[in-house]
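So the chains spell out like this:
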Amino acid sequence: MFLRTLKSKIGYFIRQIRPLKQHLANTAYDFARFRNYSAYREQNEIDKLIPLLQWYTHIIEKGLSLEKTRLFFGKAVIADIEHFLMHIEKLGGKKNVPEIQCCLDVLTAYVLFNQTHASEELLKENETYLEHISGLVKKYRSSEHTICKGGTLTFTRSKYMDDARQPWPFLSASRFSVRHYTGQPIPKEDICKAVQWAMKSPSVCNRQRTRLKIIYNKEKIRQVLSLQKGTGGFTDTIGALIMVAGDLKSFSSPHERNQVFIDNGIFCMNLLYGLQYLGYGTCPLHWFWGKEHDLKLRKLIQFPENWTVSCFISVGCLPDEFSVPMGYRKELSEICFFEEEESQ
């Protein structure tokens, strides 16, 4: 009996060696690729600086779309934007890059917002600051730029709901991340209806392991989003917060290490469209944090240890009128590439 047990344990150990080696090799491969090609280590290429410029531009653009935008917010962010523009110029970047021109449109909207809403006294205090931003826009503005691609758009609730019921191409094109809500709770039956539609989303080998946690408690929402750090200015008006997670027990190979995020991403997009169709505003919220934040989150919300969190979605009832970030989109030619067929 002892020998049989020992033999079984040795056999189990031997069977685990190969997947363990695969897991370690894949982890090392992922680590090396991310370290070599991402911008976190070195920001010495235009292709690394442009996305950073977009990120910081978005911070200003989304700030302008809030219900109660703070006057002269984001001064440190705008200083970083100026740094990125100077660095891109130093590396030989061209002014007519759409992302740069979009950034300048957002800065122009920022200046106009403050000039429109600030008191004369506050404007006088910040006169040099606004002139500096306007000078920055003038310095990097391309003469080829004719169409505004950055800033905010204003919707009425009825227009938004009408667009959401149009045929698919129109519905898709009319989706925006909304951060202006009334604060009313979302009926559970509507959440369930949108989830039911999203459950038709494809998943690897039809395993369907996406899991959701719906949070209604206002204080709990505030605590969770204080960890997430991406909802300043609209946290208190969120009607429901959806945590999107995946069950790791579904995956049996080291090669499936990223599959939980793929399946959750597909599910999440369908859920966003479903909620939009029902007439609610939504905003997907990142969860890119590491171990420390993950452990804190698990203390705040009770969910199984085998769930991995991918993101959150804020859901809210819409006011009669609201603004959204314009959200510049790249040209198709920058996204879609066809493999050339070999000549016969």
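Residues numbered from 1 in each chain as written. Predicted model: local features only at pLDDT ≥ 70, side-chain atom pairs only at ≥ 80, totals over all residues. Heavy atoms only, no water.

**Focus on the nonpolar core**
Quick note on the threshold: Buried residues of nine kinds, namely Ala, Val, Leu, Ile, Met, Phe, Trp, Tyr and Cys, make up a nonpolar core once their side-chain atoms join them within 4.5 Å. Here's how the labels work: a residue is buried when its accessible area is under 20% of the maximum for its type, exposed when over 50%, partly exposed in between, all with a 1.4 Å probe on protein chains only. Numbering of helices and strands starts at the N terminus; helices are DSSP runs of H or I of at least 4 residues and strands are runs of E of at least 2. The contact criterion used is simple: two residues touch if any of their non-hydrogen atoms lie within 4.5 Å.
Grouped together as the largest cluster of nonpolar side chains are 31 residues, with contacts concentrated most on Leu-53, Ile-60, Ile-81, Leu-85, Leu-107 and Tyr-110. Of all the secondary-structure elements, those providing two or more residues to this core are helix H2 (46-64), helix H3 (75-90), helix H4 (98-117) and helix H6 (127-140). Sequence-distant contacts of Ile-60, defined by excluding residues within four places in its chain, comprise Phe-73, Gly-74, Val-77, Ile-78, Ile-81, Val-106 and Tyr-110.

**What to know about the side chain of Ser-314**
Formally: For the purposes of these results, a polar contact is taken to be a pair of N or O atoms within 3.5 Å, where, inside protein, one atom must be able to donate a hydrogen and its partner to accept one; residues adjacent in sequence count only when each atom of the pair is a side-chain atom.
Among the structural elements, Ser-314 can be located in strand E5 (residues 307-316). Within the structure, the side chain of Ser-314 is placed 2.9 Å from the side chain of Tyr-181, a separation counted as a polar contact. In contact with Ser-314, other than residues within four places in its own chain, are Tyr-181, Phe-234, Ile-238, Ala-240, Leu-241, Gly-281, Thr-282, Cys-283 and Leu-285.

**Looking at the sheet that holds strand E4 (residues 281-286)**
Rule in force here: Should DSSP find at least two bridges between two strands, the strands are taken to pair. Axes here mean lines fitted to C-alpha atoms, for a helix over just the part in contact, with angles spanning 0 to 180 degrees between N-to-C directions.
Judged by pairing direction, the sheet is antiparallel, and its four strands sit side by side in the order E2-E3-E5-E4 without closing on themselves. Edge positions in the sheet fall to strand E2 (210-215) and E4, since each has one partner strand and no second. Going across the sheet, the axis of each strand differs from the next one's by a mean of 25°, ignoring polarity. Pairing analysis gives six bridges linking E4 to E5, with the strands arranged antiparallel. By the bridge assignment for E5, Thr-282 is matched with Val-315. Running over the sheet, helix H11 (residues 259-277) touches E2, strand E3 (240-247), E4 and E5 and is turned about 15° from E5.

**Some words on helix H9 (residues 188-198)**
Formally: Taken from the helix axis, the directions to the C-beta atoms give the arc we talk about.
Of the positions making up H9, those classed as buried are Asp-190, Ile-191, Ala-194, Val-195 and Ala-198. Buried residues in H9, looked at end-on, bunch into an arc of 135°, giving them a common side. Residues of H9 that are exposed and point more than 90 degrees away from the buried face comprise Lys-188, Glu-189 and Gln-196. Along its buried surface, H9 packs onto E2, E3 and H11.

**Here we look at the layout of surface pockets**
The gaps of empty space that remain are located by a probe, the size of a water molecule, rolled over the atoms. Rule in force here: As defined here, a cavity is a set of points on a 1 Å grid over the protein atoms alone where a 1.4 Å probe fits but cannot get out. A pocket is an open set with protein on both sides within 12 Å along at least five of seven lines, and residues line them when an atom is within 4 Å of a point. Grid points are joined across faces, edges and corners, and a volume is the space filled by probe spheres set on the points. Under the grouping applied here, Gly and all other residues not named as nonpolar or charged are polar, the nonpolar ones being Ala, Val, Leu, Ile, Met, Phe, Trp, Tyr, Cys and Pro and the charged ones Asp, Glu, Lys and Arg.
There is about 1000 Å³ of room inside the largest pocket. In terms of lining residues, the largest pocket is bounded by 30 residues, among which Trp-55, His-58, Lys-62, Ser-177 and Arg-179 are the most central. Within the residue set of the lining of the largest pocket, elements represented by two or more residues are H2, H4, helix H8 (168-173) and E4. Tallying contributions element by element places H2 first for the lining of the largest pocket, with seven residues. Of the residues that constitute the lining of the largest pocket, the class distribution is 14 nonpolar, nine polar and seven charged.

**Here we look at the environment of Lys-193**
By secondary structure assignment, the location of Lys-193 is in helix H9. Between the C-alpha atoms of Lys-193 and Leu-271, which are 78 residues apart in sequence, the distance is 9.7 Å.

**So, the packing of aromatic side chains**
Our working rule: Stacked, tilted and edge-to-face are the three classes assigned to paired rings of Phe, Tyr and Trp, where Trp is represented by its six-membered ring and a pair needs centres within 6.5 Å; plane angles under 30 degrees give stacked, over 60 edge-to-face, the rest tilted. Placement of a charge over a ring requires the Lys NZ or Arg CZ to be within 6 Å of the ring centre, with the centre-to-atom vector within 35 degrees of the ring normal.
Taken as a whole and assessed by the stated rule, the structure comprises 16 aromatic pairs. Each ring, one from Trp-197 and one from Tyr-277, has its centre 5.7 Å from the other, and the planes form 80°; the classification is edge-to-face. With Trp-197 in helix H9 and Tyr-277 in helix H11, this residue pair connects regions lying 80 residues apart in the sequence. Trp-197 sits in the partly exposed class, given a relative accessible area of 39%. A ring pair is formed by Phe-303 and Trp-307, whose centres lie 6.1 Å apart and whose planes are at 25°; its orientation type is stacked. Of the two residues, Phe-303 and Trp-307, neither departs from the other in class, the shared state being buried. An aromatic cluster of at least three residues, connected via ring pairs, comprises Phe-72, Phe-73, Tyr-110 and Tyr-129. If you follow Arg-165 out to its NZ or CZ, it ends over the ring of Tyr-277, 4.2 Å from the centre.

So, to be careful, I would describe these as geometric facts and stop short of saying anything about function.
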